[in-house]
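Summary of structural features
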There are 2 protein chains.
Amino acid sequence: MGNRMTISSLDEFRQLLQSLPKADEEARDAARQREPQLTKPFGSLGRLEEVSEWLATWQGHHPPELATPRARVFAGNHGVVARGVSAFPAEVTGQMVYNFKAGGAAINQLCQTFDIELDVIALDLDRPTADFTETPAMSEDECIAAMVSGMSAVPEDTDILCLGEMGIGNTTSAAAICHALFDGSAEVWTGAGTGVEGEAMATKISVVGDGVARHKPDIKDGLDALRCLGGRELAAIAGAVIAARQYRVPVLLDGYISTAAAATLEATVKGTLDHCLVSHMSLEPGHQRLIKAINQRPLLEMDMRLGEASGAALAVGILKGAVACHTGMATFAEAGVSDKG
Amino acid sequence: MGNRMTISSLDEFRQLLQSLPKADEEARDAARQREPQLTKPFGSLGRLEEVSEWLATWQGHHPPELATPRARVFAGNHGVVARGVSAFPAEVTGQMVYNFKAGGAAINQLCQTFDIELDVIALDLDRPTADFTETPAMSEDECIAAMVSGMSAVPEDTDILCLGEMGIGNTTSAAAICHALFDGSAEVWTGAGTGVEGEAMATKISVVGDGVARHKPDIKDGLDALRCLGGRELAAIAGAVIAARQYRVPVLLDGYISTAAAATLEATVKGTLDHCLVSHMSLEPGHQRLIKAINQRPLLEMDMRLGEASGAALAVGILKGAVACHTGMATFAEAGVSDKG
């Protein structure tokens, strides 16, 4: 795409989405050829076999590698928090960014466990997005700037990229995006987030409904939904997904917010998320619905609902196991084991 | 239990099962007290939180540790293979043991990935169990010897124990054990194993039905089912589960065979598997049914059906993530993060 910093309209992103790299069929075929030779009944490693093939296909080489896993966590603040949609105050976004930098959050421990390099990018925390029940959450320029921040955060030499977020109020954005782009009422897309209940839950549902009602006429595709209802951290995730595809870096999406951010691309140009895997099914009820809407199947189901790329980081362990089996196992011929009689 | 080598009857095992160590409530309470202080919405790490508490409870100390994970894979041969119940010939059991020792199997790669110490114990491979459609698979002495082998394979200084197996024909044993001990026809408990289909599948189902019909009158509890319908590697797994409980070592069970072997203990004395977790749901249809019958919930669902402790080893990665979060995260107070408003 040449110099990505020169992007000056969402339409340029729309064009970009039309010309992303395709699946590497040679790498995929090489994975498919090796798998039945390994000393196990064919298919008996189930999703591990699928994942190895997927990694080879989107890394563009065989064997697939996982030497350099990275996680990027984007943080943003949301004007809609003023409407009382979260159980935590907005200050917590910045406090948690500090906690990430100090190494005290869940994502720090998970990245350490699986040798994942972590970077946390705080996006204008002192400048929350606009309350989307009143105006679009972001101007076109703000949305583009956040997407470009996300693109810039992806190093080219990455074997797998975990994408996550932190932003008090952002399950409200995710719900609004899904309600705008996919079937279903505001109610079915809205969940407890960090733990709202009762009156606050009713408020959250009506905020989602009001926001979508206000902007629906202006929302022609996923990028419009991202701009009108999203947030900087969601736009950054969308940008990172695009850069990853350009660099042939497979992506592990995290929970509801991360998947909703990425889904705005899929809703704009189908197939844009083929290099992405939803790492886990969140307890947030909208996530399950969203996963179905974009034809994904999550790798893990751990009843998690934290964000921060925590589910994605956990799934790196599974991917490491998959690649170790695919690349390290002996073949029937090497091991002198009789193949199926 | 004093010197375990002196056990001379299955009744002594029955007595032993009545006097196993109970849950450590002090360690459990310590885990429960720490969890809500960590910098995340309470409950947002879902099953990771449950797993940390379970580990503390059954290790008998807080914080839980995972410095010394071990896997034990037991191998045995089955007389019932002569009836044509497997897609692979019986020689493959020994060939795969050789492959394990040479480091070429899936379990070797997974143990290397998650730093799990692996030992493979071949049990009289040149002496298959009897064809259980004719006589009990094992005499009482043979069953006890195999159980004692399993007990002896568990070092006391183990933080988590993965139990798996290799034995051509042993899904037939697992199906017969389940059919004898739990509700459901031979058909619902019998699956494809390493890949039987058509005529061979019909044979496998009738072998399971015939075996259970023959021994049902003699089967008063799980240990009887283990002796009459099991195999040496299944008896060894049962023994290892008992030793692990004595040493306060939590256990990750693997797939259908490993769970069926352990379930013979639960069917003998309820609660015997409280220190065990089913690591994954196998694609083998009986496994799902069995997991329900013993009130477990598997950690992973990867469409795997390999055995060898492969699912258990993969789950060690999840447990490592859980313990890292529980022990390493900052508290709200330490990080200066506002707790829920």
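Below: a short report on this structure. (Residues numbered from 1 in each chain as written. Chains lettered and ligands numbered in written order. Predicted model: local features only at pLDDT ≥ 70, side-chain atom pairs only at ≥ 80, totals over all residues. Heavy atoms only, no water.)

1. Describing the side chain of A:T158
Residue and element names in this part refer to chain A. Tracing the chain through its elements places T158 in the loop between helix 6 (140-152) and strand 3 (160-166). Polar side-chain contacts of T158 include one of 2.6 Å to the backbone oxygen of P155. Among all residues touching T158, those that are not within four sequence positions of it are T68, R70 and V249. (Helix = DSSP H or I, 4+ residues; strand = E, 2+ residues; numbered from the N terminus. Polar contact = N/O pair within 3.5 Å; in protein donor to acceptor, adjacent residues only side chain to side chain. Contact = heavy atoms within 4.5 Å.)

2. What to know about the packing of aromatic side chains
Residues and elements named next belong to chain B. The full count for this structure, using the stated rule, is two aromatic pairs over all chains. Considering the side-chain rings of F182 and W189, the 6.2 Å spacing of their centres and the 40 degrees angle between planes classify their relative orientation as tilted. Grouping residues by exposure puts F182 and W189 together as buried. Note that R289 overlies the ring of W189, its terminal NZ or CZ placed 5.5 Å from the centroid. (Phe/Tyr/Trp six-rings, centres within 6.5 Å; stacked < 30°, edge-to-face > 60°. Buried < 20%, exposed > 50% of the residue type's maximum accessible area, 1.4 Å probe, protein only. Lys NZ or Arg CZ within 6 Å of the ring centre and 35° of its normal.)

3. Some details on the environment of B:D131
All names here are of chain B. You can see D131 is positioned in the loop between strand 2 (117-122) and helix 6 (140-152). For D131, a relative accessible area of 11% puts it in the buried group. Spatially, the C-alpha atoms of D131 and C228 are 9.7 Å apart, while their sequence positions differ by 97 residues. Look past the residues within four positions of D131 in its chain and what remains in contact with it is G79, V80 and R83.

4. Notes on the relation of the copies chain A and chain B
Superposition of chain A onto chain B requires a rotation of 180 degrees combined with a translation of 0.0 Å along the rotation axis, giving an RMSD of 0.0 Å. One copy is carried onto the other by what is essentially a two-fold rotation axis. Taking C-alpha positions as the reference, the residue of chain A nearest the rotation axis is A:G317, at 2.9 Å. The share of interface residues of chain A whose copies in chain B are also at the interface is 98%, consistent with both copies meeting through the same surface. (Least-squares fit on C-alpha atoms with pLDDT ≥ 70 in both.)

5. Regarding the state of the cysteines
For the structure on display, the rule yields zero disulfides over all chains. Cysteine A:C143 remains unbridged, with the sulfur of A:C228 as its closest cysteine sulfur at 8.8 Å. Under the relative-accessibility criterion, A:C143 is labelled buried at 0%. Free cysteine: B:C325, not disulfide-bonded; nearest cysteine sulfur from A:C111 at 9.9 Å. (Disulfide = S-S within 2.5 Å.)

6. What about the pattern of salt bridges?
Overall, the coordinates contain 32 salt bridges over all chains when judged by the stated rule. A salt bridge links A:R297 to B:D303; its shortest N-O distance comes to 3.1 Å. Here A:R297 is found in the loop between helix 13 (285-293) and helix 14 (310-328), whereas its partner B:D303 is found in the loop between helix 13 (285-293) and helix 14 (310-328) on a different chain. Judged by relative accessible area, B:D303 falls into the buried class, the value being 18%. For B:E50, the salt bridge is made with B:R47, and the minimal N-O distance between the two is 3.6 Å. With a gap of three residues between them, B:E50 and B:R47 both fall in helix 3 (residues 47-59), about one helical turn apart. Overall, B:E50 belongs to the partly exposed group, its relative accessible area being 42%. (Salt bridge = Lys/Arg side-chain N within 4 Å of Asp/Glu carboxyl O.)

7. Looking at the nonpolar core
Core analysis: the largest hydrophobic core is formed by 112 residues, its most contacted members being A:L300 and B:L300. Among all residues touching A:L300, those that are not within four sequence positions of it are A:S279, A:H280, A:M281, A:G311, A:L314, A:A315, A:I318, B:L300, B:M302 and B:I318. (Core = buried A, V, L, I, M, F, W, Y, C linked by side-chain atoms within 4.5 Å.)

8. Brief notes about the packing of helix 1 (residues 10-18) of chain B against helix 10 (residues 222-229) of chain B
Between two packed helices, the angle of one axis relative to the other and the distance separating the axes together describe the packing. All names here are of chain B. Orientation of helix 1 relative to helix 10, taken along the N-to-C sense of each, is 140 degrees, at an axis distance of 10 Å. As judged from the angle between their axes, helix 1 and helix 10 are oblique. The interaxial crossing formed by helix 1 with helix 10 has right-handed handedness. Across the interface between the two elements, L10, F13 and R14 of helix 1 pack against L223, D224 and R227 of helix 10. Looking at side-chain class alone, the contact of helix 1 with helix 10 contains three nonpolar, no polar and three charged residues. (Axes fitted to C-alpha atoms, helices over the stretch in contact; angles between N-to-C directions. Parallel < 35°, antiparallel > 145°, perpendicular 65-115°, else oblique. Left-handed = near helix turned anticlockwise from the far one by under 90°. Nonpolar A, V, L, I, M, F, W, Y, C, P; charged D, E, K, R; others polar.)

9. A closer look at the interface of chain A and chain B
In this assembly, 55 residues from chain A lie in contact with 54 residues from chain B. Counting each side, the surface lost to burial between chain A and chain B is near 4300 Å², with a carbon and sulfur contribution of 65%. At the boundary of chain A and chain B, one finds two salt bridges. Linking chain A with chain B are 16 residue pairs in polar contact (both at pLDDT 80 or more). At the level of secondary structure, the elements contributing two or more residues to the side of chain A that touches chain B comprise helix 3 (47-59), helix 4 (91-102), helix 5 (106-113), helix 14 and helix 15 (332-335) of chain A. Considering every element that reaches the side of chain A that touches chain B, the biggest residue donor is helix 14 of chain A, with eight residues. The class makeup of the residues in the side of chain A that touches chain B is 28 nonpolar, 17 polar and ten charged. (Buried area = accessible area lost by both parts, 1.4 Å probe.)

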